[in-house]
Amino acid sequence: MGHDDDNPIARATDVLLRARYVIALTGAGLSVESGIPPFRGPGGLWTKYGEPPMNGYERFLADPKQAWAERLEPRGPMRELWNALAQARPNPGHVALADLETLGVLKALITQNVDDLHRQAGSRRLLEIHGNATLIRCLQCVARFPRDEIATDELPPRCPRCSGLLKGDTVSFGEPIPPDVLLRCQHEAERADCVIVAGTSASVYPAAHFPIAVRERGGMLVEVNPHPSDITGLCEISLRAESGVALPQLVERVRARLARH
Ligand SMILES: [Zn+2]
């Protein structure tokens, strides 16, 4: 059988099918392809409105009532972001990653995105390291609740289970990553010998640490990004295309190869 060594999609397929335990790390690039504005760069929310305060978590704890009032009546960049989140739908890149999980190839998906689109696309083994904008989290017992299950007539709302302080699940500036999700991410990264790094420059810690740790142990990285990034030099293969283009092609090839065996 012919071997198309020059075709990066074919080479990436080989890497995925030879790996024992494949995980993925995704970031803002996937969200942007679904119409959610980025924070930085051209068209970015902070480019337009200015950088937000870098101590969001501290401010929340100092005055949770006020923080909740602002959340319920968002203005400026937050209003634009919430509107975009409400309208966004999964794109073919999200669907391809859910398909790769169904095929049994992808074992876990770590995302830095808070937009819920991986869930909507059907990903199950999903670790939302920066939280999920549709959820509310208890700062005390770390339980999470759908936004519409929490009454907000009295602010700040309290946890139905432990009466701890409730906050949006999205991780704020200065807020520690919730311990349950961080532990699961570390566990998955320890098992992985291959990481698909899609739509992220892998420059924000702690998420950036996971592919680097896998690479340092001799694992392989497959990058999907239209632009070179900080992690490109560590990647076995770089697919220079949008996730919504490259990932469906990759998954089709994986599917065809699995069907042949
Ligand atoms: Zn609680």
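Worth saying up front: this structure is predicted, and the values here are computed from it rather than measured. (Residues numbered from 1 in each chain as written. Predicted model: local features only at pLDDT ≥ 70, side-chain atom pairs only at ≥ 80, totals over all residues. Heavy atoms only, no water.)

**Student:** Is there a simple way to explain the overall build of the protein chain in this structure?
**Tutor:** Scanning the protein chain for helices and strands turns up eleven helices and nine strands. The C-alpha radius of gyration computed for the protein chain amounts to 19 Å, which stays within 12% of the reference 18 Å derived for 261 residues, consistent with globular compactness. Referenced to the eigenvectors of the C-alpha coordinate spread, the extents of the protein chain come out at roughly 65 × 40 × 30 Å. For the protein chain, buried positions account for 47% of its 261 residues. Expressed as a percentage of contacts within the protein chain between residues at least 6 apart in sequence, the contacts between residues at least 24 apart total 68%. A total accessible area of about 13100 Å² is found for the protein chain, and carbon and sulfur atoms account for 51% of it. A distance of 3 Å separates the average location of the 30 positive side-chain charges in the protein chain from that of its 32 negative side-chain charges. (Helix = DSSP H or I, 4+ residues; strand = E, 2+ residues; numbered from the N terminus. Rg over C-alpha atoms; globule rule 2.2 N^0.38 Å. Buried < 20%, exposed > 50% of the residue type's maximum accessible area, 1.4 Å probe, protein only. Contact = heavy atoms within 4.5 Å. Areas by Shrake-Rupley, 256 points an atom, 1.4 Å probe, with all protein chains shown as cover. Lys, Arg positive; Asp, Glu negative; His and termini not counted. Charge placed at Lys NZ, Arg CZ, Asp CG, Glu CD.)

**Student:** Help me understand the sheet that holds strand β5 (residues 144–146), please; the structure alone is not making it clear to me.
**Tutor:** Within a sheet, neighbouring strands are paired by backbone hydrogen bonds and run either parallel or antiparallel to one another. Read across the sheet, three strands follow the order β5-β4-β6 without closing on themselves; strand pairing throughout is antiparallel. Strands at the two margins of the open sheet, each flanked by one partner only, are β5 and β6 (166–168). Across the sheet, the axes of successive neighbouring strands diverge by a mean angle of 35°, strand direction being ignored. When strand β4 (residues 135–138) meets β5, the two strands line up antiparallel, connected through three bridges. Pairing of I136 across the sheet is with F145, part of β5. Set on the sheet, helix α5 (residues 64–72) makes contact with β4 and β6; between it and β6 the angle comes to about 40°. (Pairing = 2+ DSSP bridges. Axes fitted to C-alpha atoms, helices over the stretch in contact; angles between N-to-C directions.)

**Student:** Looking at this structure, how should I read the packing of aromatic side chains?
**Tutor:** Centre distance and the angle of the planes are the two values used to describe a pair of aromatic rings. Enumeration according to the criterion identifies two aromatic pairs in this entry. Where F39 meets W46, the ring centres are 4.4 Å apart and the plane angle is 25°; that geometry is what we call stacked. When its relative accessible area of 12% is taken as the criterion, W46 is described as buried. Members of the aromatic cluster, joined through ring pairs, are F39, W46 and F173. (Phe/Tyr/Trp six-rings, centres within 6.5 Å; stacked < 30°, edge-to-face > 60°.)

**Student:** For this particular structure, what's the right way to read the coordination of the zinc ion?
**Tutor:** Angles between donor atoms at a metal ideally measure 109.5 degrees for a four-coordinate tetrahedral arrangement and either 90 or 180 degrees for a six-coordinate octahedral one. Taken together, the protein ligands of the zinc ion are C138 (SG), C141 (SG), C159 (SG) and C162 (SG), with distances of 2.3 to 2.4 Å. Angles of 97 to 116° at the metal separate the four donor atoms of the zinc ion, which places the site in the tetrahedral class. Take C138: its relative accessible area is 1%, and that puts it in the buried class. (Donors = N, O, S within 2.8 Å, 3.2 Å for Na, K, Ca; no water. Tetrahedral: all angles 85-135°; square planar, octahedral: opposite > 155°, others 65-115°.)

**Student:** Please explain the pairing of strand β2 (residues 106–111) as it appears in this structure.
**Tutor:** Consecutive side chains along a regular strand alternate between the two faces of the sheet. Across the six residues of β2, five count as buried, placing the element largely inside the fold. Taken together, the three bridges between β2 and strand β3 (residues 126–128) define a ladder with parallel strand orientation. Its bridge partner lying in β3, L109 is registered against L126.

**Student:** Teacher, can you tell me more about α5 here?
**Tutor:** Residue pairs spaced three or four apart in an α-helix point in one direction, given the helix's 3.6 residues per turn. Where α5 is concerned, the buried positions are P64, W68 and R71. Mapping the buried residues of α5 onto a view down its axis gives an arc of 60°, with all of them on the same face. Where the residues of α5 are buried, they touch α4 (56–62), α6 (76–87), β4 and β6. (Arc of directions from axis to C-beta.)

**Student:** Would you mind going over the nonpolar core with me for this structure?
**Tutor:** Among soluble globular proteins, nonpolar side chains are generally buried collectively. Ranked by internal contacts, the top residues of the largest apolar core, which has 27 residues, are L16, V22, L100, I196, L239 and L247. Of all the secondary-structure elements, those providing two or more residues to this core are α1 (8–18), β1 (22–26), α7 (92–102), β2, β7 (194–198), β8 (220–224), β9 (237–239) and α11 (243–260). When residues of this core are assigned to their parent elements, the largest contribution, five residues, is made by α11. Setting aside residues up to four positions removed in sequence, L239 forms contacts with P8, I9, A12, E223, V224, N225, A246 and L250. Formed by 23 residues, the second largest nonpolar core is a distinct cluster that contains L127, A189, A207 and L221. (Core = buried A, V, L, I, M, F, W, Y, C linked by side-chain atoms within 4.5 Å.)

**Student:** Is there a simple way to think about the pattern of salt bridges in this case?
**Tutor:** Side chains carrying opposite charge are able to pair once their charged atoms draw close together. Here the structure, examined in full by the defined rule, presents 13 salt bridges. When the shortest N-O distance is used, the salt bridge between R137 and D169 registers 2.6 Å. On the criterion of sequence distance, the pair formed by R137 in strand β4 and D169 in the loop between β6 and α9 (179–191) is long-range, its members being 32 residues apart. A residue is classified by how much of its surface remains accessible, and D169, at 2% relative accessible area, is buried. Two residues, R255 and E252, come together in a salt bridge whose shortest N-O distance is 3.3 Å. (Salt bridge = Lys/Arg side-chain N within 4 Å of Asp/Glu carboxyl O.)

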